[in-house]
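Structure at a glance
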Amino acid sequence: MSDEQPLRPRTRVKRALVRLIGRRVVCADCGRPLFVGLPIVWRGRVRILGADDELVRVSFTTQDTLQFRHVQLYDCPSPERPWVA
Ligand SMILES: [Zn+2]
């Protein structure tokens, strides 16, 4: 017997949408994939379906462009951290 709860219909629809039309988001520092997400603008907020399980840092690079980065530095190799594989 499985311990997993069956997914709610709303969750299944969200996951199907992300799987069908979501885009891969990569870290701006290292280029590794962070998640597959689908941005939705709703009631003055931007929500990114598919990003719920990831811990990322978000910043604006221009007025209309966001960048995502790893929060945990041990996940993010860069020239400043050559010891991270
Ligand atoms: Zn990174």
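Before any of the text, the structure's been laid out above.
My aim in this report is to walk through the structure given alongside it, one point at a time. Quantities reported herein were computed from a predicted structural model and do not represent experimental measurements. Think of each chain on its own: its residues are numbered from 1, step by step along the sequence as written. Local features in a predicted model are, by the rule used here, given only for residues with pLDDT of at least 70; side-chain atom pairs are given and counted only at 80 or more, and totals for whole chains, interfaces and linings are based on all residues.

**Side note on the overall build of the protein chain**
Stated precisely, the cut-off is as follows: Only DSSP runs of H or I with at least four residues qualify as helices, and only runs of E with at least two residues qualify as strands; both kinds are numbered from the N terminus onward. The globule rule used here is 2.2 Å times the number of residues to the 0.38 power, and the radius of gyration it is set against is calculated over C-alpha atoms. Residue burial here comes from a neighbour count, namely the number of other C-beta atoms, placed from the backbone, that lie within 10 Å of the residue's own C-beta, with 20 or more meaning buried, 12 or fewer meaning exposed, and in between meaning partly exposed. By the criterion used throughout, residues are in contact when their C-beta atoms, derived from the backbone, lie within 7 Å.
Across its full length, the protein chain holds 1 helix and 5 strands. Seen in sequence order, the protein chain has helices and strands lined up from the N terminus as α-β-β-β-β-β. What you see for the protein chain is a C-alpha radius of gyration of 16 Å, clearly larger than the 12 Å of a compact globule of 85 residues, by over 25%. Reported as C-alpha extents along the three principal axes, the dimensions of the protein chain are approximately 45 × 40 × 20 Å. Within the protein chain, the proportion of its 85 residues that are buried is 11%. Residue pairs at least 24 apart in sequence account for 27% of intrachain contacts in the protein chain once pairs closer than 6 positions are excluded.

**Structural notes on the environment of leucine 73**
Within the secondary structure, leucine 73 is located in the segment after β5 (65-70). Put simply, leucine 73 and valine 84 are 11 residues apart on the chain and 8.3 Å apart in space, counted from C-alpha to C-alpha.

**Description of the environment of cysteine 27**
Note that cysteine 27 resides in the loop between β1 (23-26) and β2 (33-42). You can call cysteine 27 partly exposed: it has 19 C-beta atoms within 10 Å. Placed 13 residues apart in sequence, cysteine 27 and isoleucine 40 show a C-alpha to C-alpha distance of 20 Å.

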